[in-house]
Amino acid sequence: MSPTRPKRRPSRTILAEMARLAGEARGRAHAPYSKFRVGAALKTRTGEIVTGCNIENASYGLSMCAERVAVFKAVSEGLSGFEAISVVADARRPTAPCGPCRQILWEFCGNIVVHMVDLKGRSRTLRLSELLPLPFDQRNL
Ligand code: THU
């Protein structure tokens, strides 16, 4: 994904709708071990929204974050041109994607908007480059 593409940011209305869908997906989380339920909603520039939730496993290391579930679902459906991801969790502060998710998001989404929301509706919105400065990507290879 080119880091020089024009910077666009979804409207507050669209971010709110993404957060709503992420919250619904969070309701489908399989998190019996951590009990930390996360939902995500990934939006393309053309308006498609794909959701994900975290899916844990009794073999803990196999667990998958909500963000990566959303990205892999979307990519496997042939979608591209991602604009923003909304992440919803119940925490004292908005939940930022973990390190591996940041790397996966950079690979498939480039410098997208990351909208982090808690259950009280408090949110923080950053660009992925703020969460992953000096990324490792194909330009390094
Ligand atoms: N988790 C996510 O799904 N996304 C995040 O951004 C942070 C962590 C999940 C992984 C695991 O199922 C649970 O939250 C506790 O780490």
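A brief structural summary. (Residues numbered from 1 in each chain as written. Predicted model: local features only at pLDDT ≥ 70, side-chain atom pairs only at ≥ 80, totals over all residues. Heavy atoms only, no water.)

Let us now look at the environment of A16. With respect to the helices and strands, A16 occurs in helix α1 (residues 12–26). With 99 residues separating them along the chain, A16 and H115 place their C-alpha atoms 9.5 Å apart. (Helix = DSSP H or I, 4+ residues; strand = E, 2+ residues; numbered from the N terminus.)

Let us look at the pairing of strand β3 (residues 82–89). Taking burial as the measure, the 8 residues of β3 include 8 buried ones, the bulk of the element. Sheet analysis places strand β1 (residues 38–44) next to β3, joined by 7 bridges and oriented antiparallel. When the sheet's bridge partners are listed, K43 is paired in β3 with A84. Pairing between β3 and strand β4 (residues 113–118): 6 bridges, direction parallel. The residue of β4 that forms the bridge with V87 is M116. For the handedness criterion, the β-α-β arrangement of β3, helix α3 (residues 99–109) and β4 is classed as right-handed. (Buried < 20%, exposed > 50% of the residue type's maximum accessible area, 1.4 Å probe, protein only. Pairing = 2+ DSSP bridges. Right-handed = clockwise from strand over helix to strand, strands pointing away.)

Further remarks concern the sheet that holds strand β5 (residues 123–127). Whenever strands of a sheet pair, they do so through backbone hydrogen bonds, lying parallel or antiparallel. If you trace the 5 strands from one edge of the open sheet to the other, you get β2-β1-β3-β4-β5, paired in mixed fashion. The open sheet has two edge strands, β2 (49–53) and β5, and neither has a second partner. Averaged over all pairs of adjacent strands, the angle between their axes in this sheet comes to 15°, without regard to strand direction. On the sheet, helix α2 (residues 66–76) packs against β1, β2 and β3 and is oriented at approximately 140° with respect to β2. (Axes fitted to C-alpha atoms, helices over the stretch in contact; angles between N-to-C directions. Contact = heavy atoms within 4.5 Å.)

Now for the side chain of R127. Within the fold, R127 resides in strand β5. There is no salt bridge for the buried R127, and the closest opposite charge comes from E130, which lies 6.4 Å off by N-O distance. At 2.8 Å, the side chain of R127 forms a polar contact with the backbone oxygen of N111. (Lys, Arg positive; Asp, Glu negative; His and termini not counted. Salt bridge = Lys/Arg side-chain N within 4 Å of Asp/Glu carboxyl O. Polar contact = N/O pair within 3.5 Å; in protein donor to acceptor, adjacent residues only side chain to side chain.)

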